[in-house]
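The lines below spell out each chain.
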Amino acid sequence: MEIDHLVQERYPSFDDALRDLDDPVSMLALFQSLPAAKTEEIGADVVNAATRFYDEFLLYIIHSQGLRKVFASIKGYYLQADIHGVPVTWLAPHQFSQKLPGEVDFKVLLTFVDFYKVMLKFVNFKLYTTNGMAYPPVMDAVASRDAVRVAALSMKQQEDSTEADDFGNNAADKDAKKAGSVFKKLRIFISREVPFGPLHLIARSGGAEVGWEGEASPFTMDDASVTHVVVDRPVEHLTIAEGKEYVQPQWLLDSFNSRIKLPIRDYAPSKVPPPHLSPFVD
């Protein structure tokens with residue numbers, strides 16, 4: 001059943017859709033992490049669609065440097081972005097093998113997913129074209145084999161686009177500029193044992209270049225230009241190279257929330273890092 005008209009009726013303006021985006025993004029973030037289960041009528045096409053539209057949304061967040069708050073919890077990663085002045089908050093579950101709970105009626109959830117994926121597709125199209133980017137983004141075949149998801153996507157500028165940075169002088173604009181430059185000029189390599197997706201989103205949103213263990217990575221861990229290596233191994237299991245800083249994943253989250261590069265020594269491998277405080281609580 002075509003539900004495009006239902007989305008248009010429910011959200012007569014683009015701002016209406018943005019203000020109601022929390023649940024759709026959270027739901028698609030959940031379904032992109034689930035295994036396709038015929039017993040629950042969750043087909044591979046549903047998981048693939050959720051993955052596609054969620055990744056496209058994250059690519060826009062990176063490109064627009066819209067990310068504002070990040071917090072790692074037992075449930076997953078709480079994330080908040082500013083999209084055209086509207087705060088959008090969602091929960092991205094940890095990426096590990098999920099066991100589907102029997103008490104959850106996935107038929108009901110799938111009804112919402114059908115609506116939300118059409119809604120997010122419309123939102124993505126509007127966000128991309130409004131910002132002068134061609135939609136959909138292009139998937140790099142080599143990078144896709146590295147299983148790096150959003151990092152395998154790239155945007156193409158439309159020929160008639162005149163997009164430019166428009167940071168102003170008010171508090172929100174100043175904070176946006178700080179968030180988008182906290183990792184500027186850094187080349188961060190993310191090791192295979194740490195969660196790539198959320199750390200890639202945070203590092204790129206903060207202005208860093210990101211590398212990974214894969215054929216399509218823009219640089220290797222041994223590259224002399226690498227400034228930081230994100231690891232989650234005991235120091236005795238690391239080969240420390242001169243000229244590089246080795247940090248635990250929490251350093252990226254705390255530094256992004258603080259809008260400054262925090263002291264490395266507090267997040268060195270094998271050290272107990274400082275308490276990870278939620279930016280969503282005053």
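The structure this text deals with has already been given above.
No experiment lies behind these values; they were computed from the predicted model shown.

A. Main features of the overall build of the chain. On a plain count of helices and strands, the chain comes out with nine helices and nine strands. Seen along its three principal axes, the alpha-carbon backbone of the chain occupies a region of about 60 × 50 × 45 Å. Counting over 282 residues, the chain shows a buried share of 45%. Taking contacts inside the chain between residues at least 6 apart in sequence as the whole, the part at least 24 apart equals 60%. Computing the positive centroid from 29 side-chain charges and the negative centroid from 39, the chain places the two 4 Å apart.

B. Seen up close, unusual backbone geometry. Proline 136 follows tyrosine 135 through a cis peptide bond whose omega is 0°. The backbone phi angle of alanine 147 is positive, close to 60°, even though this residue is not glycine. For alanine 147, the location among the structural elements is in the loop between α6 (141-145) and β5 (153-154). Positive phi, normally seen in glycine, also occurs at serine 270, with a value near 75°. Counting through the fold element by element, serine 270 comes out in the segment after α9 (250-258).

C. Main features of the pairing of strand β2 (residues 76-83). A large share of β2 lies buried, amounting to six of its eight residues. Bridge analysis of strand β1 (residues 67-72) against β2 gives five bridges, and the strand direction is antiparallel. If you follow valine 70 over to β2, its bridge partner there is leucine 79. Hairpin connection of β2 to strand β3 (residues 86-93): two residues between the antiparallel strands, including histidine 84 at a positive phi of 55°.

D. Here's a closer look at the sheet that holds strand β9 (residues 245-247). With respect to topology, four strands assemble into an open sheet ordered β7-β6-β8-β9, the strand pairing being parallel. The two strands at the open ends of the sheet, each matched to only one other strand, are β7 (209-212) and β9. Pairs of neighbouring strands in the sheet enclose a mean axial angle of 25°, with direction left out of account. As paired strands, strand β6 (residues 187-190) and strand β8 (residues 228-230) are joined by three bridges and run parallel to one another. Of the residues in β8, the one forming a bridge with isoleucine 188 is histidine 228. The strands that helix α8 (residues 196-205) touches are β6, β7 and β8; relative to β7, the one it contacts most, it runs at about 155°.

E. The arrangement of helix α4 (residues 44-64) in detail. Taking 1.5 Å of rise per residue, the 21 residues of α4 would be expected to cover 30 Å, and the 30 Å separating its terminal C-alpha atoms lies within 8% of that figure. Of all the 21 residues making up α4, 15 are buried; the element is thus mostly covered by neighbouring parts of the structure. Residue glutamine 65 follows α4 closely and has a positive phi angle near 50°.

F. Spatial organisation of the environment of glutamate 41. Tracing the backbone shows glutamate 41 in the loop between α3 (22-31) and α4. Given a relative accessible area of 49%, glutamate 41 falls into the partly exposed group. Spatially, the C-alpha atom of glutamate 41 lies 28 Å from that of threonine 89, the residues being 48 residues apart in sequence. With residues near it in sequence (within four places) discarded, glutamate 41 still touches Lys107 and Leu110.

Conventions used here
Residues numbered from 1 in each chain as written. Predicted model: local features only at pLDDT ≥ 70, side-chain atom pairs only at ≥ 80, totals over all residues. Heavy atoms only, no water. Helix = DSSP H or I, 4+ residues; strand = E, 2+ residues; numbered from the N terminus. Buried < 20%, exposed > 50% of the residue type's maximum accessible area, 1.4 Å probe, protein only. Contact = heavy atoms within 4.5 Å. Lys, Arg positive; Asp, Glu negative; His and termini not counted. Charge placed at Lys NZ, Arg CZ, Asp CG, Glu CD. Pairing = 2+ DSSP bridges. Axes fitted to C-alpha atoms, helices over the stretch in contact; angles between N-to-C directions. Expected span 1.5 Å × (residues − 1).

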